[in-house]
Amino acid sequence: MTLTTQQQNDFLRRGFSRRSFGRIAALAGGGAAALPFFNEPALAQLSQVRGAPPDAVMINANENPLGPCAEAKEAIHNIVASGGRYMYGETDKVQRLLSEQEGVKLGSIRIYPGSSAPLHQAVLAFTSPTKSFVTGDPGYEAGERAAKFIGAKVVRVPLTKTYAHDVVAMAKADPNAGLIYLCNPNNPTGTLTPRADIEYLLANKPAGSILLIDEAYIHLSGAPMASDLVAADKDVIILRTFSKLYGMAGLRAGAALGRPDLLAKIMPYSAGALPVTGMIGANASLKVKDLVPKRRKIIADVREDVFSFLSKNNFKFVPSVSNKFMVDVGRPGEQVIEAMRKQKVYIGRVWPSWPTYVRVSVGTQDEMNKFKSAFLNVMS
C-alpha cells in the first residue's frame, strides 16, 4: 500500500517519522497477512507448527473442528459457480442482517475478512509514538505486536487474581493511551471480564482514548455482548468474527462495530471486494436461530469433560468459558509442547508472563481423548 499525502501528514502530526512509513504501509497493505503477528494462524507459527502428520491432533489455533454449519456449507457450495463475480451485494446483506440483530445503525457496522484486519487498522488509527496501546497480560498478542511494529508504546497490565482484566489499572496505565484492548472472553485464558468492569473502564479511561473490545469468543460464553455500547455512541469499537463458534476460520468473515466517525478512521486502510464464500457463509449462519446455543453446548460439554480429567489428575488449570484453556505444566511450557508433538498432538503456545502454562484449544471429543492420553504420558 502507498500512503497518500493526507495519510502521511496525519502520521507525522501524530508523532511518527517518515522512517516509519514503510512499516505503516506494510501493516496497512495487502501483504499484512504475511506479517508474523497478523492473526491466530500466524501467531501459531511461533510454535513452528508445520509439517504435521495427516493424523495429528491440531488443537493449537482455537479453530472449531465442527466447521461451517450445514446451511452455510450448502450456500457456499451453491455460490462457487458464480465466484467469477465480485458480488458486493453479498457483503451488504451481512451488514444489514448484523445491523438488525445487534440493534445498531447500518453505518455502525463494517464487514471484514475476519477480525484481524480491523484490529490492526485500529492500531494504525489510534496509536502512535505518543499514544500507547494498553492490553491485558497474558492477552492476545497481535495488537501489541502491530503497535510495536509501527513504533507505538505498549503497556501490559496483568490480569486480576480471577483472570479478568484489571480495569482499574488499565484506566490508569497511561494518561496518553490511544487504544485500550480488551478481549472478552480473553485469549488465552478463556475468562470473562464482567460487564460492570467494562463500563467502569469506559467511564474512567483517559479522555480521547478508544476502548477496543474483541468479542471473537463471546458466542461461546453465553455472556452479554457489548453492542448496546455502540448503539449508545460510546468511545468503543467491537470486533466480531465467524472464525470461532461459526467454524469459518478458513473462509474469512468478520466485522467491526462502532460509531461511524470511529469506523471512518480505520476504513482508509481497507479496499476491495470480500470473499463471496465467506459472505454467503456468514449470512447463512446468522439466519440459523439455534446454531449458537447448540454449538455452545457441544463445545462446553467437551471442555468440561477435559476439566474433569485435569481435576481428577491434580493438574492446575484456568477455568474457561471459551474454546481454549491454560494449563500449568510445572516446567517450561515449550518442553511440553515439543513432547506433545512427538505424541502427534499439537497444542498452543506459551506467554512470556506465564512461562509454565500452555494453551490448549478444545477440539472434538475424540481429539480431546487423544490429548488426555498424550498429556498423561508427557506429564508422568
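Here the structure is a predicted model, which is why all the values come from computation and not from measurement.

So, about the overall build of the chain. Secondary structure summary: the chain contains 16 helices and twelve strands in total. A compact globule built from 380 residues should have a C-alpha radius of gyration of about 21 Å, and the chain, at 20 Å, falls within 12% of that. Across its three principal directions, the C-alpha atoms of the chain cover 60 × 50 × 40 Å. Here the chain holds 380 residues, and 57% of them are scored as buried.

Here helix 15 (residues 333-342) crosses helix 16 (residues 365-379) at 125 degrees, and the two axes come no closer than 10 Å. The pairing of helix 15 with helix 16 is recorded here as oblique in orientation. Considering only the axes of helix 15 and helix 16, their crossing is right-handed. Residues Val 336, Ala 339 and Met 340 of helix 15 touch helix 16, and the partners they reach there are Phe 371, Ala 374, Phe 375, Val 378 and Met 379.

To continue, consider the sheet that holds strand 9 (residues 316-317). With antiparallel pairing, the three strands of this open sheet are ordered in space as 9-10-12. Strands at the two margins of the open sheet, each flanked by one partner only, are strand 9 and strand 12 (357-361). Taken together, the five bridges between strand 10 (residues 324-328) and strand 12 define a ladder with antiparallel strand orientation. Bridge pairing in strand 12 places Met 326 opposite Arg 359. Sheet contacts for helix 14 (residues 291-312): strand 9 and strand 10; angle to strand 10, the most-contacted strand, approximately 5 degrees.

Checked against the element boundaries, Arg 14 lands in the loop between helix 1 (5-13) and helix 2 (21-28). What makes Arg 14 buried here is its relative accessible area of 12%. Polar contacts involving the side chain of Arg 14 include one to the main-chain carbonyl oxygen of Ala 125, which spans 3.3 Å. Leave out the neighbours within four places in its chain, and Arg 14 touches Val 123, Leu 124, Ala 125, Phe 126, Thr 127, Ser 128, Pro 129, Thr 130 and Tyr 269.

A separate point is helix 15. Those residues of helix 15 not exposed but buried are Gly 333, Val 336, Ile 337, Met 340 and Arg 341. Angularly, the buried residues of helix 15 cover 140 degrees about the axis, an arc narrow enough to put them on a single face. Buried residues in helix 15 make contact with strand 11 (345-347), strand 12 and helix 16. The positive-phi residue at the C-terminal boundary of helix 15 is Lys 344, with phi of around 65 degrees.

Each value, and the rule that gives it
- Residues numbered from 1 in each chain as written.
- Predicted model: local features only at pLDDT ≥ 70, side-chain atom pairs only at ≥ 80, totals over all residues.
- Heavy atoms only, no water.
- Helix = DSSP H or I, 4+ residues; strand = E, 2+ residues; numbered from the N terminus.
- Rg over C-alpha atoms; globule rule 2.2 N^0.38 Å.
- Buried < 20%, exposed > 50% of the residue type's maximum accessible area, 1.4 Å probe, protein only.
- Axes fitted to C-alpha atoms, helices over the stretch in contact; angles between N-to-C directions.
- Parallel < 35°, antiparallel > 145°, perpendicular 65-115°, else oblique.
- Left-handed = near helix turned anticlockwise from the far one by under 90°.
- Contact = heavy atoms within 4.5 Å.
- Pairing = 2+ DSSP bridges.
- Polar contact = N/O pair within 3.5 Å; in protein donor to acceptor, adjacent residues only side chain to side chain.
- Arc of directions from axis to C-beta.

Don't take any of this as a statement about function, it's just geometry.
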